[in-house]
Amino acid sequence: MLLSTLPREFPAHLTHMQTVSRLPEGALALASSSHDQHQIVRYGPNAMSTQFHPEFTPAIAADMIRQREEVLTEEGFDPRALLASVLPSPEATEILRRFVHQAFSRTIPQSDDLAQSA
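Summarised in this report is the structure supplied together with it. Only a predicted model underlies this, so the values are computations on that prediction, with no experimental measurement involved. (Residues numbered from 1 in each chain as written. Predicted model: local features only at pLDDT ≥ 70, side-chain atom pairs only at ≥ 80, totals over all residues. Heavy atoms only, no water.)

1. Here's the deal with the pattern of salt bridges
Operational definition: Salt bridges are defined by distance alone: a side-chain nitrogen of Lys or Arg within 4 Å of a carboxyl oxygen of Asp or Glu. In this text, helices come from DSSP runs of H or I with a minimum length of four residues, and strands from runs of E with a minimum of two, each type numbered from the N-terminal end. Only protein chains enter the calculation, and the probe is 1.4 Å; a residue is then buried if its accessible area is under 20% of its type maximum, exposed if over 50%, and partly exposed in between.
Considering all chains together, one arrives at 3 salt bridges under this definition. With its nearest N and O atoms 2.9 Å apart, the salt bridge here joins aspartate 63 to arginine 66. In this pair, aspartate 63 and arginine 66 both sit in helix 1 (residues 58-67), 3 residues apart, roughly one turn of the helix. According to the relative accessible area criterion, aspartate 63 is partly exposed, its value standing at 40%. In this structure, glutamate 94 engages arginine 97 in a salt bridge whose closest nitrogen and oxygen atoms are separated by 2.6 Å. Of this pair, glutamate 94 and arginine 97 both sit in helix 4 (residues 90-105), 3 residues apart, which is roughly one turn of the helix. You can call arginine 97 partly exposed: its relative accessible area is 46%. Counted as one network, the salt bridges with shared partners bring together Glu94, Arg97 and Arg98.

Now the structure itself:
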């Protein structure tokens, strides 16, 4: 449900100070990129992670690049080129929107219901 109807490729904001280098047993990589082979990982029926940041807006992504300009340069990246390549990422944001919708659409027992079932 979270990933249904998404295109095969879509832009997403990456910072990549960390990565999933090896999947745990039973986990499945659902998406990859030239930057990371584990962009979206499913760990079980109700557990999934993204290596990109669906919560980032283009402004936040640009701020991250500016804040890390020195480190990025030392790593061989061109911060100006990175800034010029920042795009909106509506598909990545949609994953987060769907996650929040699903999480808060579930029926949560009221405290009275919990007391009665004890």
